[in-house]
Each structure stands twice: as structure tokens, then as C-alpha cells.
Amino acid sequence: MYTIHIEDSNGVMHNLNFEPNTTQNLMVFIADTLAEEIGDCRGRAWCGTCMIQLMDGDYTSEKIGDEQLILNQFPDIPNTRLACQVFLSVGLHNTTWKVLDSRQFI
Ligand code: FES
């Protein structure tokens, strides 16, 4: 069992256990587990509503598709990813993320 720490959009921290690859991606995991209303484009890297920020821990994976184009719209916010472009993988173990939702910055 692996653990990921996620601060939800209300500022509440959750320590969540997960099994790798049991959801389509991290966006679906967050939406299902925390009932966050994110993922308007359903994982196409178009909407940015699933934007998250790495607060602690190490995580890297290649940014694919249009993810970087969306993230480039928020150059002042470091360590961001689109959760829909992050697989629910072992590499997320013991990382801490904050749900940002790009709509709050527009
Ligand atoms: S769900 Fe739209 S960008 Fe991730």
C-alpha cells in the first residue's frame, strides 16, 4: 500500500492510501476520493481545472500532450502539474500535493 498526501480545495489535508494504476490517472483519484469538482475536460489537458502543486517530496514524469501549454499560463506558480496527466504510480508515494484548480486564478 502506498500513501499520497493531498490538500483539498478547502485547505484540508488528507493522507490517502492508494494502489498503483487503479484509476485512470491522479485527477480521477482525487475527484473520486475527495469529491473535488475538477476535470472539466475529462483528462484531455485542455481545461486546467485539475491543476495541482507539488508541496513536498520528489516526483517527475514527462509532461505529455498539451499539459505544458496549460501550465505555461501560470508561470508564477512553481511545481505544478495537471493531475489528469499524472498516472497513479508508485512514484507518488509520500508526495504532498495541493489542489489548485486553475479557475481560481482567472
Ligand atoms: S481534466 Fe482538464 S486539464 Fe486535466
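All residue numbers refer to positions counted from 1 along the written sequence of the respective chain. Where local features are concerned, this predicted model is filtered to residues with pLDDT of at least 70; where side-chain atom pairs are given and counted, the filter is 80 or more; whole-chain, interface and lining totals use all residues. Calculated side-chain values reflect all of the structure's heavy atoms, with hydrogen atoms and water omitted.

Peer 1: Would you mind going over the overall build of the chain in detail, with residue names and values included?
Peer 2: Strands here mean DSSP runs of E at least two residues long; helices mean DSSP runs of H or I at least four residues long; both are numbered from the N terminus. Secondary structure assignment for the chain yields two helices and five strands. In the chain, the succession of helices and strands from N to C terminus is β-β-α-β-α-β-β. Scaling as 2.2 N^0.38, a compact globule of 106 residues should have a C-alpha radius of gyration of about 13 Å, and the chain matches this with 12 Å. Projected onto the principal axes, the alpha-carbon positions of the chain cover approximately 35 × 30 × 25 Å. By the burial criterion, 47% of the 106 residues in the chain qualify as buried. Between two residues, a contact is recorded if the distance between any of their heavy atoms is within 4.5 Å. For the chain, restricting intrachain contacts to residue pairs at least 6 apart in sequence, the fraction spanning at least 24 positions comes to 64%. Element-wise, carbon and sulfur atoms account for 46% of the exposed surface of the chain, whose accessible area totals about 5,900 Å². Note on method: radius of gyration uses C-alpha positions; expected globular size equals 2.2 Å times residues raised to 0.38. Summary of the burial criterion: residues with accessible area below 20% of their type's maximum are buried, those above 50% are exposed, and those between are partly exposed, where the area comes from a 1.4 Å probe applied to protein chains only. For the area figures, the Shrake-Rupley method with a 1.4 Å probe applies, and any residue is considered shielded solely by the protein chains shown.

Peer 1: Any chance you could break down the pattern of salt bridges for me, citing the residues and the numbers?
Peer 2: The salt bridge definition used is simple: a Lys or Arg side-chain nitrogen within 4 Å of an Asp or Glu carboxyl oxygen. Inspection of the entire model under this criterion finds four salt bridges. Two residues, D101 and R103, come together in a salt bridge whose shortest N-O distance is 2.7 Å. A relative accessible area of 38% means that R103 is categorised as partly exposed. Several salt bridges converge on common partners, so that one network encompasses D40, D101 and R103.

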